[in-house]
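These are the residues of each chain, in order.
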Amino acid sequence: MSEEMQLNTIVDKLVLDTAHNDQATIDGIKNLIDKATPLVQAGRFNNIIDLLSIISDNIEFLDEAALEKTTKVGEEILALGWTAGNAVRMAHAQTEALEKPPGLFQLISSLNEPDVRRSLHFFISTMRIIGRQMKND
Amino acid sequence: MTNKSKRIIVVGGGIGGTMTANHLVAKFYPEILKGEFEIMMLSNSPNHVYKPANMYVAFNAYHPHELVRKQRSLLRPEIIFHVDAVEGFEFENNRVLCESGKRYDYEYLVISTGCIPAPERIEGLKEAGDHFYQTQAAQQLAHKLRTIQEGRIFITVNFPKTPNVPHQCGIAPIETTLMLDEYLRKRGVRDQIEIIYSYPTVSQLLRNCLFLQKPTCDVLPTIFDSKNIKYQRGFTLDKVDPEAKIAYSEEGGSQEFDILMATPPIRAVDAVINSGKSEAQNNEGWLPTDFETLKMYGTDNVYVMGDTVDLPVSKAGGSCHNQSPVVVENIASEIRRGYTSAIYDGKVQAIAQMGLEAGMPLWYDYKHDVQVAPPTKLGGLMRKTFNRGIYWAVARGIV
């Protein structure tokens, strides 16, 4: 089929298709073409096409296994940030509400509270694990 | 609770209760800081299970522990959390009674206790049927689906007897039927296994359809035909003969099966059924709920959400996501302004899993049915991302 015949076939199809053969559709597409023309002429539209192509390629590459790994990391970071943020916000509010700072003896005795001891254990464990990771094997 | 502070209790640690308790803390933060209000959650479990993903367990696509998080880890620290199942509601005294024997007073109460599959309500279904709405049941079904070599899988959907109340998660039977087709093709046994999808004569306001909304019902035959999935309208499961492996319908039909994959009848939890407030049929227990304010009829300070309502909207997390802000805003408005100000429009959103890979975002409300869009791989990736991560952000009230 020659190029001219191909073009005529496309035009015929567009004319027959009522969704395409609609003034609002034609006007809309014309506006889009007008808007895109300077970008196409200057070669700047090529970058957009390349970007779309990369996005599309990545969607093709994404599979269940990749998604499982990335979402797991995402959830862990989010949970960590959320938990830490909540604790800071609540502790901040409690500290602001103090009429006067706790005395030294009060602070030392609070180290014996089960929740504080649990939290200290958490920090010490974290340091132990970081230290182990830093050790020269 | 200090002498001057008032308490809002959320009963139920599922997705609805969890996101609502977190939203309440954010909404009432100034009052909480001043010690005027406290938010309490009462749940029957220290763990939170992502229930809808049990359907993936049925196809061995998830390990059950991947669907569980510690409930405390999903709650803001300002929430007072007790693992203590509520056994009784004393609405007149603004008090709940717990399994431990403790009683808790409340200023406002949110009931989000979900629903329970009740296959025992149809003769023979518990013995012969399988479902994917609970972890253990899904694991049992997974074993059967992994080993079946030939035969018939019959799919049945059972609605509550209360008029215009849907079964659990409206789209789940379609999702699992399409997943089943692809799963069996992947295993290479699809040609030896017949799949028959059935739907009851009465599905909420529709009659003789294949789904609870007409636009979807209209496109289903084309989808099923293209996958050689057989379908039967007008099959309201009446009883099952576990020995002969035959399902009988109220309409007089019967179907033989090797696997009976059912969306079983459902009911509210015992404490809600026993509250005496339900007007639902068949002792199902749905609480009478104002469809706009989500307040329970007959009370001034009790709100109901999620599966526990008697509304015509899907019993699914996608409903809770839209109901929760309305409940929270109305409680805040009542306390601060003296009247409710938010209206629930019946909106439900979800991303339907259409087969093992494709997904289809959908939404509808009281006035508009689902607009069916083509399922895509991108939609499928969105659903999987939600399952693996975004769900937990939703529970924490972040999204």
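Above this note sits the structure.
Quick caveat: nothing in here was measured; it's all calculated off a predicted structure.

**Looking at the overall build of chain B**
Scanning chain B from N- to C-terminus turns up 10 helices and 24 strands. Relative to a compact globule of 399 residues, whose C-alpha radius of gyration would be 21 Å, chain B shows 21 Å and is just as compact. Considering only C-alpha atoms, chain B reaches an extent of 70 × 40 × 40 Å along its principal axes. Counting across all 399 residues of chain B, residues that qualify as buried make up 51%. The long-range fraction of contacts in chain B, counting pairs at least 24 apart against all pairs at least 6 apart in sequence, stands at 63%.

**A short note on the overall build of chain A**
Along chain A, the regular secondary structure elements total 6 helices and 0 strands. Its C-alpha atoms give chain A a radius of gyration of 32 Å, clearly above 14 Å, the size a compact globule of 137 residues would have. Counting only C-alpha atoms and orienting by the principal axes, one finds that chain A spans roughly 95 × 50 × 30 Å. Here chain A holds 137 residues, and the buried ones make up 0% of them.

**Brief notes about the sheet that holds strand β17 (residues 237–241) of chain B**
Residue and element names in this part refer to chain B. On the basis of which strands lie adjacent, the open sheet formed by 3 strands has the order β17-β18-β19 and antiparallel pairing. At either end of the open sheet lies a strand with only one pairing partner, and these are β17 and β19 (254–256). Across the sheet, the mean angle separating the axes of adjacent strands is 20° when strand polarity is ignored. Note that β17 and strand β18 (residues 246–249) share 4 bridges and pair antiparallel. When the bridges of β18 are listed, D241 appears paired with I246.

**A short note on the packing of helix α4 (residues 64–96) of chain A against helix α10 (residues 377–395) of chain B**
Packed helix pairs are characterised by how far apart their axes lie and by the angle those axes make with each other. Remark: α4 of chain A packs on α10 of chain B, axes separated minimally by 9 Å, with the N-to-C direction vectors making an angle of 20°. For the element pair α4 of chain A / α10 of chain B, the angle class is roughly parallel. Where α4 of chain A crosses over α10 of chain B, the handedness of that crossing is right-handed. The segment α4 of chain A lies against α10 of chain B, with E64, L67, E68, T71, K72, G74, E75 and L78 of chain A engaging L381, K384, T385, R388, G389, W392 and A393 of chain B. In the contact of α4 of chain A with α10 of chain B, the residues fall into 5 nonpolar, 4 polar and 6 charged.

**Regarding the packing of helix α1 (residues 15–27) of chain B against helix α9 (residues 317–336) of chain B**
Residue and element names in this part refer to chain B. For the pair α1 and α9, interaxial distance at closest approach is 9 Å and the crossing angle is 35°. Of the two elements, α1 crosses α9, and the hand of that crossing is right-handed. Contacts between α1 and α9 involve I15, G16, M19, T20, H23, L24 and K27 from the former and G317, C320, S324, P325, V327, V328 and A332 from the latter.

**Remarks on the interface of chain B and chain A**
Listed by partner, the interface residues are 16 residues for chain B and 16 residues for chain A. The dominant element in the side of chain B that touches chain A, judged by the number of residues it contributes, is α10 of chain B, at 9 residues. Considering only residue class, the side of chain B that touches chain A consists of 7 nonpolar, 3 polar and 6 charged.

**Topic: the sheet that holds strand β5 (residues 80–83) of chain B**
Residue and element names in this part refer to chain B. Here we have 5 strands laid out as an open sheet, ordered β5-β2-β1-β9-β22, and parallel in their pairing. Both edges of this open sheet fall to β5 and β22 (302–304), since each of them pairs with a single strand only. Here the strands of the sheet are splayed against their neighbours by 20° on average, with no regard to which way each runs. Where strand β2 (residues 37–43) and β5 come together, 4 bridges link them in parallel fashion. Following the sheet pairing, S43 is matched in β5 by V83. Strands in contact with α9 are β1 (6–11), β9 (108–111) and β22; relative to β22, the strand with the most contacts, it is inclined by about 170°.

**Description of helix α7 (residues 214–226) of chain B**
Residue and element names in this part refer to chain B. Of all the bends found along α7, the most pronounced is centred on L220 and spans about 30°, while P221, a proline, follows it within four residues. The set of residues buried in α7 consists of T216, I223 and F224. Against the buried residues of α7 lie β13 (193–198) and β16 (230–232). A positive backbone phi angle near 55° is found at N228, which sits one or two residues after α7.

**Some points on α4 of chain A**
Compared with an ideal rise of 1.5 Å per residue, which puts 33 residues at 48 Å, α4 of chain A spans 47 Å between its outermost C-alpha atoms and is within 8% of the ideal. Among the 33 residues of α4 of chain A, 0 are classified as buried, and the element is accordingly described as predominantly exposed.

**Quick look at the nonpolar core**
Counting residues in hydrophobic clusters, the biggest one holds 120 residues, and the most contacted among them are I9, V11, A58, I153, L260 and Y303 of chain B. The contact partners of I153 of chain B, leaving out residues within four places of it in the chain, are L180, I193, I195, F257, D258, I259 and M261 of chain B.

**Observations concerning the pairing of strand β6 (residues 86–90) of chain B**
As paired strands, β6 of chain B and strand β7 (residues 95–98) of chain B are joined by 4 bridges and run antiparallel to one another. From the neighbouring strand, G88 of chain B faces β7 of chain B, where its bridge partner is L97 of chain B.

**Quick notes on the environment of T147 of chain B**
Mapped onto the fold, T147 of chain B is located in helix α5 (residues 135–147). Once the C-alpha coordinates of T147 of chain B and V348 of chain B are considered, the two residues, 201 residues apart in sequence, prove to be 36 Å apart.

**Description of unusual backbone geometry**
Residues and elements named next belong to chain B. The backbone phi angle of N94 is positive, close to 55°, even though this residue is not glycine. Positionally, N94 belongs in the loop between β6 and β7. By C-beta crowding, N94 is classed as partly exposed, having 19 other C-beta atoms within 10 Å. Located in the positive-phi region is N164, a residue other than glycine, with phi close to 60°. Structurally, the position occupied by N164 is in the loop between β12 (151–157) and α6 (172–187). Note on N164: 14 C-beta atoms within 10 Å, which makes it partly exposed.

Cut-offs and rules
- Residues numbered from 1 in each chain as written.
- Chains lettered and ligands numbered in written order.
- Predicted model: local features only at pLDDT ≥ 70, side-chain atom pairs only at ≥ 80, totals over all residues.
- Helix = DSSP H or I, 4+ residues; strand = E, 2+ residues; numbered from the N terminus.
- Rg over C-alpha atoms; globule rule 2.2 N^0.38 Å.
- Buried ≥ 20, exposed ≤ 12 C-beta atoms within 10 Å, placed from the backbone.
- Contact = placed C-beta atoms within 7 Å.
- Pairing = 2+ DSSP bridges.
- Axes fitted to C-alpha atoms, helices over the stretch in contact; angles between N-to-C directions.
- Parallel < 35°, antiparallel > 145°, perpendicular 65-115°, else oblique.
- Left-handed = near helix turned anticlockwise from the far one by under 90°.
- Nonpolar A, V, L, I, M, F, W, Y, C, P; charged D, E, K, R; others polar.
- Bend = angle between axes of the 7 residues up to and from the residue.
- Expected span 1.5 Å × (residues − 1).
- Core = buried A, V, L, I, M, F, W, Y, C linked by C-beta atoms within 7 Å.

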